[in-house]
Amino acid sequence: MIDAQIPLWAGIPASILLVLGGLLALTGSAGLLRFRTFYARIHAPTLGNTMGCGCVLAASILVFSALSARPVFHEVIITLLLIVSSPVTAMLLMRAATYRNRLSKTDAERDAS
């Protein structure tokens, strides 16, 4: 448990970022449930959850930098990895789905002839 008090100048923006991050993650999750096709479903979690996690990490960076009175770098690295890996993963999933659909159409055309 942290015994130090969080400064007000860090606590208010951090709480706003946490609420915003939660709302963005909830929006991304709702989009995952609401959309019908895989191609539509891939966009909502990728964008909403990435931004939601980014807001939570920004709040964490702000609070722990204020408490330790120095910049916190390990959370910056986590943020960079999240920003890079999430769109790349979504792109690879989309390409795999496109490739799978193309193969199934080729098999259906071969069976029809």
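About the thresholds
Residues numbered from 1 in each chain as written. Predicted model: local features only at pLDDT ≥ 70, side-chain atom pairs only at ≥ 80, totals over all residues. Heavy atoms only, no water. Helix = DSSP H or I, 4+ residues; strand = E, 2+ residues; numbered from the N terminus. Buried < 20%, exposed > 50% of the residue type's maximum accessible area, 1.4 Å probe, protein only. Contact = heavy atoms within 4.5 Å. Polar contact = N/O pair within 3.5 Å; in protein donor to acceptor, adjacent residues only side chain to side chain. Expected span 1.5 Å × (residues − 1). Domains from an automatic or database assignment. Buried area = accessible area lost by both parts, 1.4 Å probe. Salt bridge = Lys/Arg side-chain N within 4 Å of Asp/Glu carboxyl O. UniProt positions renumbered as here; feature names shortened; annotations may be inferred. Axes fitted to C-alpha atoms, helices over the stretch in contact; angles between N-to-C directions. Parallel < 35°, antiparallel > 145°, perpendicular 65-115°, else oblique. Left-handed = near helix turned anticlockwise from the far one by under 90°. Nonpolar A, V, L, I, M, F, W, Y, C, P; charged D, E, K, R; others polar.

1. Points about the environment of S65
Inference 1: Along the chain, S65 falls in helix α3 (residues 43-68).
Inference 2: When its relative accessible area of 18% is taken as the criterion, S65 is described as buried.
Inference 3: Those residues within four positions of S65 in sequence are excluded, and the remaining contacts are R70, P71 and V72.
Inference 4: A distance of 2.8 Å separates a polar side-chain atom of S65 from the backbone oxygen of I61.

2. Some points on α3
Inference 1: Taking 1.5 Å as the rise per residue, α3 with 26 residues should run 38 Å; its terminal C-alpha atoms sit 37 Å apart, in good agreement.
Inference 2: Backbone geometry just after α3 places A69 at a positive phi near 60°.

3. So, the domain arrangement of the protein chain
Inference 1: Per the domain assignment, the segments of the protein chain are domain 1 (39-69) and domain 2 (71-112).
Inference 2: A C-alpha centroid distance of 20 Å is found between domain 1 and domain 2.
Inference 3: Between domain 1 and domain 2, the residue contacts involve 13 residues of the former and 15 residues of the latter.
Inference 4: Buried area between domain 1 and domain 2, both sides added, is near 1200 Å², and the carbon and sulfur share of it is 70%.
Inference 5: Connecting domain 1 to domain 2 are zero salt bridges.

4. Description of helix α1 (residues 8-34)
Inference 1: With 27 residues, α1 ought to run about 39 Å at 1.5 Å a step, and its terminal C-alpha atoms sit 39 Å apart, in line with that.
Inference 2: Among all positions of α1, only A10, A14, G21, G28 and G31 are buried.
Inference 3: Against the buried residues of α1 lie α3.

5. Structural notes on the UniProt feature "transmembrane region" (unreviewed entry) in the protein chain
Inference 1: As recorded in UniProt, the feature "transmembrane region" (unreviewed entry) lies at residues 6-26, 47-67 and 73-94.
Inference 2: A distance of 27 Å separates the end C-alpha atoms of residues 6-26, which is 90% helix and 0% strand.
Inference 3: Here residues 47-67 is 100% helix and 0% strand, with 30 Å between the C-alpha atoms at its ends.

6. Focus: unusual backbone geometry
Excluding glycine, residues mostly have negative phi values, and the peptide bonds linking residues are mostly trans.
Inference 1: With phi around 60°, A69 is a residue other than glycine that occupies positive phi space.
Inference 2: One can find A69 in the loop between α3 and α4 (74-112).

7. Here's the deal with the packing of α1 against α3
Inference 1: As a packed pair, α1 and α3 sit with axes 7 Å apart at the nearest point and diverge in direction by 165°. By the criterion of interaxial angle, the relationship of α1 to α3 is roughly antiparallel. Seen from above, α1 lies across α3 with left-handed handedness.
Inference 2: Each residue belonging to the contact of α1 with α3 can be placed in one class, and the counts come to 20 nonpolar, seven polar and no charged.

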